[in-house]
Each structure stands twice: as C-alpha cells, then as structure tokens.
Amino acid sequence: MSRVIAIANQKGGVGKTAIAVNLPVFLTAFGKKVLLVDIDPQANATFSLGIKPRDLNISLYEALLGQVSPKDIIKKTPFLAFDIMPTSHNLAGANIELVNMENREFKLKEALDIVKDQYDFVLIDCPPSLGLLTLNALIAADEVLIPVQCEYLAMEGLGQLLQNIKLINDNLEMNIKVLGSVMTMYNRKNRVCAAISKDLRRSFPGYVFDTVIPRTVSLSESPVTGKTILRHSPNSRAVHAFRELAREIISKN
Ligand code: ADP
Ligand code: MG
C-alpha cells in the first residue's frame, strides 16, 4: 500500500521544498520506492533536482487537465533513485483553467490513483497558498506533513491549515490524517526556537516530530546546484536530520 503525503503550509519559505527534495533520498535509502510530485507553479522542487522547467514539453499541468497520461510525465533521473512528476511554470495557468472543470479539486487524486501503486511513498510539494492546487494536493493525500519554521506566528498558520483539513474531511467525507509537524530552520542557539518548539509540542501533543531540521548554509545552497543535500554536503547536520525524519515517518503508520 502506498502512502501519499502532502507537504503543506500556506506560508512560503518555511522549508517545504527543502524537505520535499531531500526526504526522498533517505526514504529510498531505507528501501522505499518514492515519487515526488511538484504541484507548485514556482517549480522550485523541479529546478532543485536539476530539471529545467522551461525544457519540459509536458508536465503536471497537462496531466491535471487530462491532456496526457500521468505515467508519461514521470521522470527517472539517472543520479537519483526516486521518480519525479515535474512541473513547469505554466501550471500557474491551471489555477484558472481548472476552475471551470468538473471535479476540479480531484484532478491530482485522479492522476495519482493511476500511478501510486508503483510506489511506497508519494510526496507532494505544495505551493504557498490554500488555493485550488493545494486543495488538489490535500485531497489526493492520505496524510499531511506540515513544516513549521521556528518563528513567532508559526502556530497561527498551523491552526489555519489544521482547520482546513478538518473542513475538507467534514465536507467531502474524506479521511486525511495529519502525519505531523516538523520544525525547520532550527537554530539550537536561539532561545526563540526552543520556546516555540516547547509551545508547539504543548499545543499539539503527539503531532510534532522529534526530529528538527537545523538551519544550515548547505541547505540554502544546494537548490542552486541541482543537488540534494546528500550530494552537495554529505557531512552536513541536515543529512542526519533528514535520515531521522525518514525513519520517524516510516515508523508512524
Ligand atoms: P518553501 O518551499 O516552504 O517556500 P523552501 O524549502 O524553498 O521553502 O525554503 C526557503 C528558503 O530557505 C530556500 O532558499 C531554501 O534553500 C532555504 N532553506 C530551507 N530550509 C533551510 C534550512 N533548514 N536551513 C537553511 N536554509 C534553508
Ligand atoms: Mg516551495
């Protein structure tokens, strides 16, 4: 059985894409087959994995509109042991075109239902909004992983997202589970981080991962090189963190 996990937070810059492109490397190392789906029109995940969005003839956009089979847009890259459904910037247009389609919020689910059985994990990198594309991702997902940056006001966004998941579950009779929240850009020396971490664990008991993703320069550099953290800086503390996060996710099912 595959597990479809949306990596979501309507705030931008909280580390969604950093997790989306690095976590598969470590899930793969534990023997899991992984598909990463990029549903953010900014195409940061696609770009971070060395694929130029501009060079793609077909991508998630065409699959969501039903113009091509979702199977045909999956890319296997020779140097990464996981598959990618890349996106190009024209996905921004899908927001508008999808609006007029029937079952517009189920398009990603329909596409993933065709391919997900080939994988143990399907991870979806969401855009920084609660719009139609994120709604598609949440509906396609069995579970939601919520990266939270350790800063004040982080909790407000989290509460809003949890509320949205509840609305979807109640109104569409779905059963999307909150897999948990992972703290990102964690600075051990910063007292604010420690305070927020404590607050979060108290407010959402059982939902916050033990693992925190540290703030490291190597993570901010690796997207530009088209390499995952393991290739860019194998000795980074972040490598250890992603491995532990992968372990926690595998054990939580
Ligand atoms: P999102 O996808 O939520 O918008 P990103 O993953 O793109 O966020 O992260 C925003 C920026 O911060 C990017 O430039 C990224 O390289 C950087 N970044 C992400 N995680 C970390 C981290 N743990 N430490 C340092 N920089 C990070
Ligand atoms: Mg992103």
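Going by the structure above, here's the rest.
Rules behind the numbers
- Residues numbered from 1 in each chain as written.
- Chains lettered and ligands numbered in written order.
- Predicted model: local features only at pLDDT ≥ 70, side-chain atom pairs only at ≥ 80, totals over all residues.
- Heavy atoms only, no water.
- Buried < 20%, exposed > 50% of the residue type's maximum accessible area, 1.4 Å probe, protein only.
- Helix = DSSP H or I, 4+ residues; strand = E, 2+ residues; numbered from the N terminus.
- Pairing = 2+ DSSP bridges.
- Right-handed = clockwise from strand over helix to strand, strands pointing away.
- Arc of directions from axis to C-beta.
- Contact = heavy atoms within 4.5 Å.
- Phe/Tyr/Trp six-rings, centres within 6.5 Å; stacked < 30°, edge-to-face > 60°.
- Lys NZ or Arg CZ within 6 Å of the ring centre and 35° of its normal.

Engineer: Help me get a handle on the pairing of strand β8 (residues 208-214), residues and values and all.
Structural biologist: Of all seven residues in β8, five are buried, a share of seventy percent or more. Bridge analysis of strand β7 (residues 177-186) against β8 gives three bridges, and the strand direction is parallel. Along β8, the bridge assignment pairs methionine 183 with valine 212. The parallel pair β7 and β8 is bridged by helix α8 (residues 191-203), and the resulting crossover is right-handed.

Engineer: Talk me through helix α9 (residues 217-225); I want residue IDs and the actual numbers.
Structural biologist: Residues lying three or four places apart along an α-helix face the same way, a consequence of the helix completing one turn every 3.6 residues. Of the positions making up α9, those classed as buried are Ser218, Leu219 and Ser222. The buried residues of α9 occupy an angular sector of 95 degrees when the element is viewed end-on, so they sit on one face. Among the exposed residues of α9, those oriented more than 90 degrees off its buried face are Val217, Ser220 and Val224. The inward-facing, buried residues of α9 abut α1 (16-29), β8, α10 (229-232) and α11 (237-251). The positive-phi residue at the C-terminal boundary of α9 is glycine 226, with phi of around 70 degrees.

Engineer: With reference to specific residues and values, describe helix α5 (residues 107-115).
Structural biologist: Looking at α5, one finds that the buried residues are Lys107, Leu108, Ala111, Leu112 and Val115. Along α5, the residues classed as buried sweep out an arc of 120 degrees about the axis, all on the same side.

Engineer: Tell me what's going on with the packing of aromatic side chains, and back it up with residues and numbers.
Structural biologist: Inspection of the entire model under this criterion finds one aromatic pair. Ring geometry for phenylalanine 26 against phenylalanine 242: centres 6.3 Å apart, planes inclined by 15 degrees, an arrangement best described as stacked. Linking phenylalanine 26 in helix α1 with phenylalanine 242 in helix α11, this pair joins segments that are 216 residues apart in sequence. We note that phenylalanine 26, like phenylalanine 242, is buried. The ring of phenylalanine 209 is capped by lysine 252, whose NZ or CZ atom sits 4.3 Å from the centre of that ring.

Engineer: Please give an account of unusual backbone geometry that cites residues and values.
Structural biologist: Peptide bonds are, in most cases, trans, and in most cases residues other than glycine have a negative phi. Not every positive phi belongs to a glycine, and leucine 153 is a case in point at roughly 80 degrees. In this structure, leucine 153 sits in the loop between β6 (143-149) and α7 (154-171). Residues other than glycine seldom take positive phi values, yet methionine 185 does so here, at roughly 55 degrees. Counting through the fold element by element, methionine 185 comes out in strand β7. Judged by its relative accessible area of 22%, methionine 185 is partly exposed.

Engineer: Any details on the side chain of threonine 184? Residues and values, ideally.
Structural biologist: For threonine 184, the position within the fold is in strand β7. Judged by its relative accessible area of 2%, threonine 184 falls in the buried class. Apart from the residues lying within four places of it in its own chain, the contact partners of threonine 184 are Val14, Ile19, Pro147, Val148, Gln149, Cys150 and Ile213.

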